[in-house]
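# Coordinates in review
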Amino acid sequence: MNAFIRSISQIFKGAASAFQTFPAAIACALAFAIVTMIRIQLDWPMQEPYNFLFDCLHWSFAMGAVFSLAAITAAQSRFNNARAFLAANLLGAAAAAVTFLALYLTSGTSPDAAVSRYMVVSGIATSRVLVAILASFLAFIVLAGYPEDQSDFARSLFMTQKALFIALVYGGVITAGASSVAGAVQALLYPEMSEKVYMYIATMTGFLGFTIFAGYFPDFRRGRVDEHREEAQKQPRFIEILFEYILVPIVLALTAVLLLWAGRTVVTGTWPVFVQLYGIATGYAAGGIWLHVMVTHLESGPAKFYRRVYPVTTLVILAFEAWALFIQLGRTGLKTTEYSFALIWVIAVVSAVLLLVRKARAHTAIAALVCAAAVFSVLPAVGYHALPVTAQVSRLEKLLASQGMLAGEQLTPAKTVPEQDVRESITDAVTFLAYAGDAKLPDWFDRRLGESNVFKSKLGFEQTWPITEDIYNGGRMGIALMLPPGAVDISDFNWAVNLQNYYGKGNDSVTVDGVKGTYRISWTVNPPNGVATLKIELDGRVVLEQYMNSYIDRISAKYPPGEGKPTEASFEDMSLRLETQEVSVLLIFNNVDINVDPRRDNIYYGLNPGALYLKEKP
């Protein structure tokens, strides 16, 4: 028990000492918390005009906090004098100030009524700050692994993860406990207590968690040997078991699966869906390299085997993934997913070679490579926001020119409907460009081309989507119908009834007072497949009860399950008329979604009623 209490007290002593060890980082974290509490205090109508300012402040203080950790660690571990310490803290404050000025003066996007009525921070500006934070954080890990006789990158990374985990646990427990006390006060003593109290608690404990994180690290000052460093860097036995006998076999099993996939691909020539391959490859590369770092100093058989095998098998698997990327680029050209895949592929290949050649000494170089790739991804002209757009503009221009639809920066509708594959490629490129944020597009391109009606009027044919191979392989199929713009004559009806709230949740019932009595209208979604029921009662007597099965059958017959791409249906298809002796009803649907999963033999129906028009018969 005494050891437990000493351990807890040591954690909080470290949190208190963080104010002296990392003053600029703690000051930025405190400023971040203050800005958060100001935003909590301001109600939304008051806060909205200042959101751009608040976002700039939040990002700049986050940048300042992480950058200060790295700068102060560099000053302490390399110089250890008052002048260097002061310079590092001033540099951290300057980083926050420069980030704020850069965001506030250059990153704002013009207000868009469809998104926000006020200026917002652009997506590419946010990404650039995130990259700077990532680079600062990795630099801190590298710097914390000095001197070489006491630490290295692997030990420093584990120590940082350990500090983060401890901060999350303590912060979570404090948040839960304080929120419980606040809940008891609200329930028993002060029912009028604002819900903002819980937000303040979360904000303050978040700041406390950061101080615990920063205070957990040992004394990095040059020439000092802190006994806490060995404890902080040491992997507990249960963590070693987790790495050696659980995670290593899991990653090796995934490696075996990927090698079998590579062999099957050679024999059959079939490739998986690229998005699935992208997710698996990303997880395998990032998780595999991380685990290689974590088992660097473990001497068990599984750990040694993994360190020898992983780089070699990774290179084999990456060779096949490169061929998959080459095929995908031939189909759709370079887009954001392909761009990310290519960048991760380069990182993984270089990392595997470095691990083969330099082994544990490669870790710092891999961290530098990750930073370089992250910086490259947000550069002008070659970043994720620019290079895929340039590639897709070039692809689209060639396609349109080949059909005589683009000449001299002038877009004209097709005189004859192009072939299926050409229509699919044009639709794919147009959709990507229409919804590419922070993209500079040619003057002839109308961003509204992503809308099906604008697409048809400007290009002369309907949007055309490919039937994916996944459907034929037993994947999901479906119908996604939308109500088109238009008007309907409702002069024959007495009432317009809204059956669902904004979030799509049905009311228990809606009542209407008529001449004959009170009508109670209910829209009930029946589990498990979502087939809904419309029921109308007059003074407790059911005058209409209609299951939507017949309507679903009518829609399914006209729109057989396909790839599930959104389609504008006719008004007649998106409406249902019902008649009884007592009432006439016109039910209009905003959208109809039917999702089919053949592998699980499951169908789900999503009917979203927009309005119900009711007429009481004499």
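Residues numbered from 1 in each chain as written. Predicted model: local features only at pLDDT ≥ 70, side-chain atom pairs only at ≥ 80, totals over all residues. Heavy atoms only, no water.

### Brief notes about the packing of aromatic side chains
Where we set the bar: Side-chain rings of Phe, Tyr and Trp (the six-membered ring for Trp) are treated as a pair once their centres are within 6.5 Å; stacked means planes under 30 degrees apart, edge-to-face means over 60, and tilted covers the remaining angles. Secondary structure elements follow DSSP: runs of H or I no shorter than four residues count as helices, runs of E no shorter than two count as strands, and numbering proceeds from the N terminus. Accessible area is worked out with a 1.4 Å probe on protein chains only. A residue is then buried under 20% of its type maximum, exposed over 50%, and partly exposed in between. By the criterion adopted, a ring carries a charge over it if an Arg CZ or a Lys NZ lies within 6 Å of its centre and within 35 degrees of its normal.
Taken as a whole and assessed by the stated rule, the structure comprises 20 aromatic pairs. Considering the side-chain rings of Phe140 and Phe217, the 5.0 Å spacing of their centres and the 85 degrees angle between planes classify their relative orientation as edge-to-face. Of this pair, Phe140 sits in helix H6 (residues 123–144) while Phe217 sits in the loop between helix H8 (196–215) and helix H9 (227–233), and the two are 77 residues apart along the sequence. Note on accessibility: Phe140 and Phe217 belong to one class, buried. When the centroid spacing of 5.5 Å and the interplanar angle of 85 degrees are considered together, the rings of Phe455 and Phe461 count as edge-to-face. For the residue pair Phe455 and Phe461, the accessibility class agrees, reading buried in each case. Linked through ring pairs, Phe140, Phe210, Phe213, Phe217 and Phe220 together constitute an aromatic cluster. The positively charged end of Arg78 is found above the aromatic ring belonging to Tyr146, 3.9 Å away from the centroid.

### Examining the packing of H6 against helix H7 (residues 153–188)
The condition is simple: An axis is simply a line fitted to the C-alpha atoms; with a helix, the fit covers only the stretch in contact. Between two such axes, the angle follows the N-to-C directions and lies from 0 to 180 degrees. An angle below 35 degrees is treated as roughly parallel, one above 145 as roughly antiparallel, one from 65 to 115 as roughly perpendicular, and anything else as oblique. In this scheme, a crossing is called left-handed if the near helix is turned counterclockwise away from the far one by less than a right angle; it is called right-handed if the turn is clockwise. Contact definition: two residues touch when any of their heavy atoms are within 4.5 Å. Note on residue classes: Ala, Val, Leu, Ile, Met, Phe, Trp, Tyr, Cys and Pro are nonpolar, Asp, Glu, Lys and Arg are charged, and everything else, Gly too, is polar.
For the pair H6 and H7, interaxial distance at closest approach is 8 Å and the crossing angle is 120 degrees. Comparing the axis directions of H6 and H7 gives the class oblique. Crossing geometry of H6 relative to H7 is assigned as right-handed. Contact with H6, carried on its side by Phe137, Phe140, Ile141, Val142 and Ala144, involves Phe153, Ser156, Leu157, Met159 and Thr160 of H7 and no other residues of that element. Of the residues that constitute the contact of H6 with H7, the class distribution is 8 nonpolar, 2 polar and no charged.

### Brief notes about the nonpolar core
Nonpolar side chains tend to gather and get buried jointly when the protein is soluble and globular. Applied cut-off: Residues grouped as a nonpolar core are buried Ala, Val, Leu, Ile, Met, Phe, Trp, Tyr and Cys residues, joined through side-chain atoms within 4.5 Å.
Counting residues in each nonpolar core, the largest one holds 63 residues, and the members touching the most others are Leu69, Phe243 and Val295. Counting 36 residues, the second largest nonpolar core, distinct from the first, contains Met548, Ile552, Phe589 and Leu612.

### Structural notes on the environment of Val525
By secondary structure assignment, the location of Val525 is in strand E8 (residues 518–526). In this structure, the C-alpha to C-alpha distance between Val525 and Tyr605, residues 80 residues apart in sequence, is 9.4 Å.

### A short note on the pairing of strand E9 (residues 531–538)
The criterion, for reference: Here, a strand pair is defined by DSSP locating no fewer than two bridges between the strands.
Burial within E9 is extensive, with 7 of its 8 residues counted as buried. For E8 and E9, the ladder comprises 8 bridges, and the chain directions are antiparallel. The residue of E9 that forms the bridge with Trp523 is Leu534. Pairing geometry for E9 and strand E10 (residues 541–547), over 6 bridges, is antiparallel. In the strand pairing of E10, Leu534 is matched with Gln546.

All we've got here are geometric facts, nothing functional implied.
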